[in-house]
Amino acid sequence: MKPSPHPSSGPERPAPALPALPGRRGFLGGLLATAALAAAGPALAIPARAVARPAPAPAPPTAPRATRPLLLGTYTSEAGGGTGIGTAAYDTATGAITPGPVITGVDNPSYLALHPSGSTVYAVAEQEAGAVTAGGIAPDGTYEVLGSRSTGGSGTTHLSVHPSGRWLLSANYGSGSVAVHPIAEDGSLGERTDLVTHSSPPPGPGQGGPHAHQIVTAPDGGHVLAVDLGTDTVYTYALDESAGTLTEVSRAALAPGSGPRHLAFHPGGRFAYLACELDNTLVVCAYDPATGALTPGPGQSTGTGSGTSYPSQPVVTGDGAYVYLANRGPNSLTRYAVENDGAAVRLLDTVPVGGDWPRQLALSPDSTLLFAANQRSSTVTVFGVGPDGSLTAVGDPFPAPVAVCVLPLP
C-alpha cells in the first residue's frame, strides 16, 4: 500500500509516523458496560471480567443517569499505544471521566460505532488486512465478542451503521474502497455483500490513489455518502436494503487538493459541513434528499491563521445551532454559528484543545459536553458547551494511550 503524503489518519500516513502494522489477531473480548459502574465506587475497582450490573437507585423515568459509558479507540501497533478498546465512564454533569478495563485482543481499533439499538458496538481494524468486529452488550452489562469480518480492503479507517440497523458500512483508506456487511438480529456480522473501489476521478494533487475516509448515511436514510480524500470527491450511493449492494447515483467534486476528510449533517437533513484537511477549510454543502446530490459551497476559514491546520472532524449540536471543528496543526477547536436554517456558518472563535493533535470529536447525546481525542498527547479533553455554544474546559485531561476516537454512549 502506498502511503499518503499527509497526516490524515492511522499508521498508513507519515504524519504522525507510525510503524508497520501487524496482521490481524483474534479479538479476545472483554467487558464494556461495566466501565460505567466504576464511577459509582473507587476507580478501577472492577475486575476485568463480566459482572452483573447492580440495580439502579430509584429515579423518575425522565431523570438523567449520573454516569454513562465511554469507549476509546487507539492504535495498538504504535509505541505507547493502547492494548485494545478502552472503556470508561463520564459524569453527565461535570464531564469527569473514570477509567475502566480494556477490551484486549483487537488490533488498531481506531474508529468505533454503536448500533441504533445500543446493544452492539463495532470497531475497525486499521491495518493492511482491514477488518470490522462486532461486540454485543448483554442486559446484565457483560460484553460478548460476536466475531470479525474482512472488509476486502486495507487501512479500514471509518465505519457506521445504517439507520435500519441491518447493514454495517466501512471505508478503507489505504485501498480507497467502501464495503457493506449484513448485521444479524444478534448484532453479529455476515460475509461482505459489496465492495466498491473509487477508480475515478484520478487522484488529486500529491495523492497516489483514492483514500476513502468516511462513509455515512444521510439523515433521511435514503442515500449513503462516502468521502474520499484522495480523489477530492464525495460519492453518493443508493443502498439496496435487500441485497446489501451500493449503486452510485451522484458525485460532488471538491477543490483539487482540498483533501475532504469527514462531514457532519445538520439535523434538518438538507445541509452538511465538510472538513477539508489539506486546504484548511470547512465547506457547507447543500444536500438534496430526492436525488442524493451534494452541492459544495465555497470553503470557509477555520480561523487558524497561516500554515496548514489539518482540520479533522466537524460535529453539530443536536439543535443545529453550532458547528465545532478540530484543527490538528494549531491544536485548537473552531466554533461556528449556524445560520439560515443550516445553509451558512459564521466563524465565532477558536479555543485551545488542551492536547496535541485532536484527531476526533464527539458530543454527548444531549450536546452539553464535547470530547476531543488527542492522538499525540494520549489524552481526552472535555469541554462544557454553554447555551451560546461557548466551550469551557472542564477537569484535567484524561490519560488515554494514543487516543484517536472517543465514543460517549447514550
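Structural data are supplied above this passage.
Anyway, here's the lowdown on the structure attached to this text. (Residues numbered from 1 in each chain as written. Predicted model: local features only at pLDDT ≥ 70, side-chain atom pairs only at ≥ 80, totals over all residues. Heavy atoms only, no water.)

## Some remarks on the state of the cysteines
Per the counting criterion, the structure on display carries zero disulfides. We note that cysteine 285 lacks a disulfide partner, and the nearest cysteine sulfur, in cysteine 276, lies 7.6 Å from it. (Disulfide = S-S within 2.5 Å.)

## So, the sheet that holds strand β11 (residues 194-197)
Taken together, four strands build an open sheet; the order of strands is β8-β9-β10-β11 and the sheet is antiparallel. One side of each edge strand has no neighbouring strand; the edge strands of this open sheet are β8 (156-161) and β11. Along the sheet, successive strands turn relative to each other by an average axial angle of 15 degrees, direction set aside. Sheet topology places β8 next to strand β9 (residues 167-172); five bridges connect them, and they run antiparallel. Bridging across to β9, serine 160 finds its partner in leucine 169. (Pairing = 2+ DSSP bridges. Helix = DSSP H or I, 4+ residues; strand = E, 2+ residues; numbered from the N terminus. Axes fitted to C-alpha atoms, helices over the stretch in contact; angles between N-to-C directions.)

## Some points on the nonpolar core
Most often, soluble globular proteins have nonpolar side chains that are buried together. Core analysis: the biggest nonpolar cluster contains 24 residues, and Leu71, Ile85, Leu112, Tyr122, Leu159, Leu168 and Leu189 have the highest contact counts within it. For this core, the secondary structure elements donating two or more residues are β4 (112-114), β5 (120-125), β6 (131-137), β7 (143-150), β8 and β29 (405-408). It is β5 that contributes the most residues to this core, four residues altogether. Discounting chain neighbours no more than four positions away, the residues touching tyrosine 122 are Tyr111, Leu112, Ala113, His115, Thr133, Ala134, Leu159, Val161, Leu168, Ile183, Gly187 and Leu189. Among the nonpolar cores identified, the runner-up in size contains 16 residues, and Leu274, Cys276, Cys285 and Tyr287 belong to it. (Core = buried A, V, L, I, M, F, W, Y, C linked by side-chain atoms within 4.5 Å. Buried < 20%, exposed > 50% of the residue type's maximum accessible area, 1.4 Å probe, protein only. Contact = heavy atoms within 4.5 Å.)

## Some words on the packing of aromatic side chains
Note on aromatic pairs: each is described by the distance of the centres and the angle between the planes. One pass over the full model with this rule turns up four aromatic pairs. Considering the side-chain rings of tyrosine 90 and phenylalanine 371, the 5.2 Å spacing of their centres and the 70 degrees angle between planes classify their relative orientation as edge-to-face. Taken together, the positions of tyrosine 90 in strand β2 (residues 84-91) and phenylalanine 371 in strand β25 (residues 369-374) put the pair 281 residues apart, joining distant regions of the chain. Neither tyrosine 90 nor phenylalanine 371 differs from the other in exposure class; each is buried. Ring centres of tyrosine 310 and tryptophan 357 lie 5.7 Å apart, and the angle between their planes is 50 degrees; this geometry places the pair in the tilted category. Of the two residues, tyrosine 310 sits in the loop between β19 (294-301) and β20 (311-316) while tryptophan 357 sits in the loop between β23 (344-352) and β24 (358-363), which places them 47 residues apart along the sequence. For tryptophan 357, a relative accessible area of 5% translates into the label buried. The ring of tryptophan 357 is capped by arginine 376, whose NZ or CZ atom sits 3.8 Å from the centre of that ring. (Phe/Tyr/Trp six-rings, centres within 6.5 Å; stacked < 30°, edge-to-face > 60°. Lys NZ or Arg CZ within 6 Å of the ring centre and 35° of its normal.)

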